[in-house]
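Chain and residue survey
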Amino acid sequence: MRGLWGRARQRRKPLVVLMAVVGIAGAVLATRDSGGGHLAANQAQLRKACDGTLPYGDLERLVRDERPGKLREHGTMLAPGQESRSLLDCSLSWGDGYGVTVHAEALVSDVPQAIETRDLLEPAGGHGTFVAPGTTGQYGERGAWLVTDCLGGLGGRVRPTTDLYVTARVTDGTGGAEVAAHADEAMSRSGKPDRATALLGFRTAVQVANVLTKAQHCGSGPLTMPKTVVDTDETHGAPGRALRKCEWIDGSSLPGIASGAWTTLGDLQESTGLSACAGEWDAEKNAGERPRPKEWQVTEVEAASWSGVLGRSAYDSYERAGHVPGWGARQGESPSEAGAGADSGADADRGVRQEDRVSSYAGRPQLALWARSVCGGRTTYHRVAVLPEIQLGDGETAVISGKDRTRLSTTARTVLDRYLDAEDGWPVSADCRDTKVLGEVEQWH
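Residues numbered from 1 in each chain as written. Predicted model: local features only at pLDDT ≥ 70, side-chain atom pairs only at ≥ 80, totals over all residues. Heavy atoms only, no water.

An unreviewed UniProt entry lists the protein chain under the name Secreted protein, from Streptomyces niphimycinicus.

1. Re the overall build of the protein chain
Broken down by element type, the protein chain carries 13 helices and 16 strands. For the protein chain, buried positions account for 46% of its 445 residues. Of all intrachain contacts in the protein chain linking residues separated by at least 6 positions in sequence, the fraction that spans at least 24 positions is 71%. Roughly 22100 Å² of accessible area belongs to the protein chain as shown, and the carbon and sulfur atoms make up 50% of that amount. (Helix = DSSP H or I, 4+ residues; strand = E, 2+ residues; numbered from the N terminus. Buried < 20%, exposed > 50% of the residue type's maximum accessible area, 1.4 Å probe, protein only. Contact = heavy atoms within 4.5 Å. Areas by Shrake-Rupley, 256 points an atom, 1.4 Å probe, with all protein chains shown as cover.)

2. Remarks on the nonpolar core
Core analysis: the largest hydrophobic core is formed by 35 residues, its most contacted members being Trp248 and Val301. Of all elements in the fold, only strand E10 (274-281), strand E11 (298-307), strand E13 (366-375), strand E14 (378-388), strand E15 (397-401), helix H12 (402-421) and strand E16 (432-443) reach the threshold of two or more residues within this core. No other element matches the six residues that H12 contributes to this core. Leaving out residues up to four positions away in the same chain, valine 301 has contacts with Trp248, Ile249, Ile257, Trp262, Cys277, Ala278, Gly279, Ala385 and Val415. Counting residues in each nonpolar core, the second largest holds 32 residues, with Leu54, Met77, Leu146 and Cys218 among its members. (Core = buried A, V, L, I, M, F, W, Y, C linked by side-chain atoms within 4.5 Å.)

3. Notes on the sheet that holds strand E7 (residues 161-172)
Here six strands make up an open sheet; going across it, the order is E1-E2-E3-E7-E6-E5 and the pairing antiparallel. Pairing within the sheet leaves two strands with one partner each, and these edge strands are strand E1 (70-74) and strand E5 (137-140). Between one strand axis and the next, the sheet turns through 15° on average, direction left out of account. The sheet contact formed by strand E2 (residues 86-95) and strand E3 (residues 98-106) spans eight bridges and is antiparallel. Within E3, the residue paired with serine 91 across the bridge is threonine 101. On the sheet, helix H2 (residues 39-52) packs against E1, E2 and E3 and is oriented at approximately 165° with respect to E2. (Pairing = 2+ DSSP bridges. Axes fitted to C-alpha atoms, helices over the stretch in contact; angles between N-to-C directions.)

4. Things to note about the sheet that holds E10
To summarise the sheet geometry, strands pair through backbone hydrogen bonds and adopt either a parallel or an antiparallel arrangement. The six strands are arranged E9-E10-E11-E14-E13-E16 in an open sheet whose pairing can be described as antiparallel. Both edges of this open sheet fall to strand E9 (262-266) and E16, since each of them pairs with a single strand only. Each adjacent strand pair in this sheet contributes to an overall mean axis angle of 15°, direction not counted. Looking at chain direction, E10 and E11 are connected through seven bridges and run antiparallel. When the bridges of E11 are listed, serine 275 appears paired with serine 305. Here helix H9 (residues 309-320) sits on the sheet and contacts E10, E11, E13, E14 and E16; the angle it forms with E11, its principal contact strand, is near 135°. Contacts from H12 reach E10, E11, E13, E14 and E16, with the element oriented near 135° to E14.

Shown next, in the form of structure tokens:
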């Protein structure tokens, strides 16, 4: 009996070992299954999604394993016969707030972003955001956006165009699924995204733009892939202060503005398509050195330029507020036609009017002067503005005399000339030629 029992025990040992191995394998399989086991499939999906336009190396770390990726995409790049304004609309998500959304369109109307002078100098309403130097765009509520050229033309559904607009928003799970579903509200609550998220958004937008322009045989070179972004928030070291391109705003050498120390601010996009500068008489630096400027003396200066579709978009934006020369011209006139005769009309008007009333409800009084050039082969609009010293309480009204009005006009023209001719300024670097002054706008009515 002992021999038989002993043999039975020996036969059971391999069986126990086999059961243990099966148990371990089962535990491994169970562990993998609890994670979802979708990583490889989701990575392969990322490579092919959005017509292969996404930067896989940048986005790979966002791919999740727990569930299959959800892909939604359409656009004329995917289906050339499809009726769509978009070249590409695509979103890919992996749950828990991880995902990427991109949009690209051939612009046949204005840029769907605010690009007036103050929008360039104080993005996000002064709360700050990020820009990628060398890329024409910013980080906004839709993520990173940019505008680039397609000199050979893009196949728009309405009419051919040479302007490409791209947005890209990336969410990395911060705050969970709510961030992905309500990214706009999340940004407005926090002020702006973190630097890494903004950079990822810009890199994605640039990659999409480069793939599309190559596929469209644009004849334009690729955009440089950004390696860093710059925080535009003035509380973070004021990176836009004292830029070389804005040094022409100088209280000691620019006639007509208040003398003394001035603080300058410029946009940080380093774009070939737009630029902006502003200067302000510095009360703190001038304290004890210079008396406070007299009323109607110029204490702030602005200058901006926009080329191509950006110029048209900026002009249209100001026109909607009635802040362009020749505003109210007959429907169908182009911006250049509307402003062509405004200069002589303004001169005649100044010869008749001896004084004008300025209400506090009209906003900060300023006199703007518009001009048009050809810069880098593209039609470009320039706008300079001079803002005088004036103290108005709510409901109060001030009077500007004919002499003060004439001085503002002279100063505005001086500012325009200095801006266009500044050696380190944007107009010179953009090779602006054939400049035509379009007229003035009194922004105090």
